[in-house]
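# What the coordinates show
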Amino acid sequence: MIVTIDGPAGAGKSTVARGLAARLGYLFLDTGAMYRAATYAVMQSGDLKEQKSRIMVTNGIQIDVQGNTVLINGNDVSSLIRTAEVTRNIHFLADDPLVRSRLVKRQRAIARGQNVVTEGRDQGTVAFPDAEFKIFLTASPEERARRRHTERSALGEEITIDEILASQNIRDKQDETRTVGALQKAADALEVVTDGMTIENVIALLEKIVLKK
Ligand code: DC
């Protein structure tokens with residue numbers, strides 16, 4: 001069975017998808033991490049602004065996602081792909097239809113024959129349109145920014161909620177307006193708005209719904 005979880009940045013998708021996968025005993029697939037890894041690889045050995053270079057680098061690497069660990073050609077890049085610089089540059093790769101089709105192929109190959117909870121922007125619409133269960137996880141922009149602020153302050157970062165909200169608005173716009181793989185609720189997805197809910201509440205709710213199906 002394939003469960004897809006799509007939604008905007010900061011909706012808690014990764015934590016929820018990871019928790020739900022653990023509860024169900026399913027594989028967890030973080031597709032944002034794959035876009036991050038491809039972006040990092042092009043930053044290291046290519047030119048983000050050149051499509052030829054983006055494709056050459058992306059075609060020449062093997063990306064593996066094993067739980068929280070992300071590998072490029074077997075090398076652990078899990079923390080290297082979480083920098084603000086990578087986040088800022090992702091749109092070069094995420095807006096490229098050829099990169100997207102390559103990564104979608106890889107996502108399908110990883111999921112083949114497995115029970116999976118997969119998380120991203122286009123999982124229920126493009127990557128797995130026939131998934132048995134689709135969730136669109138969202139929260140208000142202010143709530144998402146507040147959550148990110150709590151997380152980042154806990155890591156000792158000095159940043160205001162307004163600064164987070166401003167960069168979140170830019171990412172939302174980029175995610176919603178890309179011509180291929182834009183963030184969109186699949187017609188048959190269940191929308192879950194998580195304002196005021198704890199992550200634990202959300203995971204428990206989704207587990208109940210999936211198991212009932
Ligand atoms: O979930 P995340 O923040 O790690 O994702 C990083 C970026 O990757 C996000 O801004 C949009 C892009 N992305 C995408 O275009 N398609 C996906 N399936 C997953 C992520």
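Residues numbered from 1 in each chain as written. Predicted model: local features only at pLDDT ≥ 70, side-chain atom pairs only at ≥ 80, totals over all residues. Heavy atoms only, no water.

A positive phi angle, close to 50 degrees, is found at Asn-73, a residue other than glycine. In this structure, Asn-73 sits in the loop between strand E4 (69-72) and strand E5 (75-76). (Helix = DSSP H or I, 4+ residues; strand = E, 2+ residues; numbered from the N terminus.)

This paragraph deals with the environment of Leu-183. On the secondary structure map, Leu-183 appears in the loop between helix H8 (161-177) and strand E8 (190-193). The class for Leu-183 is buried, based on a relative accessible area of 10%. Placed 47 residues apart in sequence, Leu-183 and Phe-136 show a C-alpha to C-alpha distance of 9.8 Å. Apart from residues no more than four positions distant in its own chain, Leu-183 is found in contact with Gly-7, Pro-8, Arg-121, Phe-136, Asp-175 and Glu-176. (Buried < 20%, exposed > 50% of the residue type's maximum accessible area, 1.4 Å probe, protein only. Contact = heavy atoms within 4.5 Å.)

Along the chain, the position of Asp-96 falls in the loop between helix H4 (84-94) and helix H5 (97-111). The spatial distance from the C-alpha of Asp-96 to the C-alpha of Val-180 is 7.7 Å, given a sequence separation of 84 residues. Dropping the residues within four chain positions of it, Asp-96 is found in contact with Gln-51, Arg-54 and Ile-55. A polar atom in the side chain of Asp-96 sits 2.9 Å from the side chain of Gln-51. (Polar contact = N/O pair within 3.5 Å; in protein donor to acceptor, adjacent residues only side chain to side chain.)

As a structural note, the neighbourhood of the ligand is formed by 16 residues, with Thr-31, Arg-36, Arg-100, Asp-122 and Arg-171 the closest of them. Arg-36 places a side-chain nitrogen or oxygen 2.8 Å from an oxygen atom of the ligand. At 2.8 Å, a side-chain N or O of Asp-122 approaches a nitrogen atom of the ligand. Relative to its unbound accessible area of 450 Å², the ligand is 95% covered by the protein chains. (Near = heavy atom within 4 Å. Areas by Shrake-Rupley, 256 points an atom, 1.4 Å probe, with all protein chains shown as cover.)

Where helix H2 (residues 31-45) contacts H5, the axes come no closer than 11 Å and their chain directions differ by 135 degrees. By the angle between their axes, H2 is oblique relative to H5. Crossing of H2 against H5: the hand is right-handed. Within the contact between the two elements, H2 uses Thr-31, Met-34, Tyr-35 and Ala-38 and H5 uses Arg-100, Leu-103, Arg-106, Gln-107 and Ile-110. (Axes fitted to C-alpha atoms, helices over the stretch in contact; angles between N-to-C directions. Parallel < 35°, antiparallel > 145°, perpendicular 65-115°, else oblique. Left-handed = near helix turned anticlockwise from the far one by under 90°.)

All right, on to the pattern of salt bridges then. Think of it this way: side chains of opposite charge can pair up when their charged atoms draw near. As enumerated under the stated definition, the model contains 15 salt bridges in all. In this structure, Asp-64 engages Arg-106 in a salt bridge whose closest nitrogen and oxygen atoms are separated by 2.8 Å. One end of the pair, Asp-64, is in strand E3 (residues 63-66); the other, Arg-106, is in helix H5, and 42 residues separate them in sequence. A salt bridge links Lys-134 to Asp-188; the nearest nitrogen and oxygen atoms lie 3.1 Å apart. With a gap of 54 residues between them, Lys-134 in strand E7 (residues 133-138) and Asp-188 in the loop between H8 and E8 connect regions that are remote in the sequence. Taking the relative accessible area as the measure of exposure, Asp-188 reaches 52% and is therefore exposed. (Salt bridge = Lys/Arg side-chain N within 4 Å of Asp/Glu carboxyl O.)

With that settled, the discussion passes to the sheet that holds strand E6 (residues 116-120). Judged by pairing direction, the sheet is parallel, and its five strands sit side by side in the order E2-E6-E1-E7-E8 without closing on themselves. Because the sheet does not close on itself, it has two edges, and the strands there are strand E2 (27-30) and E8. In this sheet, neighbouring strand axes are inclined to one another by 20 degrees on average, regardless of whether the strands run parallel or antiparallel. As paired strands, strand E1 (residues 2-6) and E6 are joined by five bridges and run parallel to one another. Bridging across to E6, Val-3 finds its partner in Val-117. H2 rests against E2 and E6 of the sheet, and its axis sits at about 45 degrees to E2. Across the sheet, helix H9 (residues 199-212) is in contact with E1, E7 and E8; its angle to E7 comes to roughly 160 degrees. (Pairing = 2+ DSSP bridges.)

Now for H4. Those residues of H4 lying buried are Val-86, Asn-89, Ile-90, Leu-93 and Ala-94. Each buried residue of H4 lies within a common arc of 160 degrees when the element is viewed along its axis, so the set occupies one face. Turned more than 90 degrees away from the buried face of H4, the exposed residues are Ala-84 and Arg-88. Packed against the buried residues of H4 are H2, helix H3 (51-59) and H5. (Arc of directions from axis to C-beta.)

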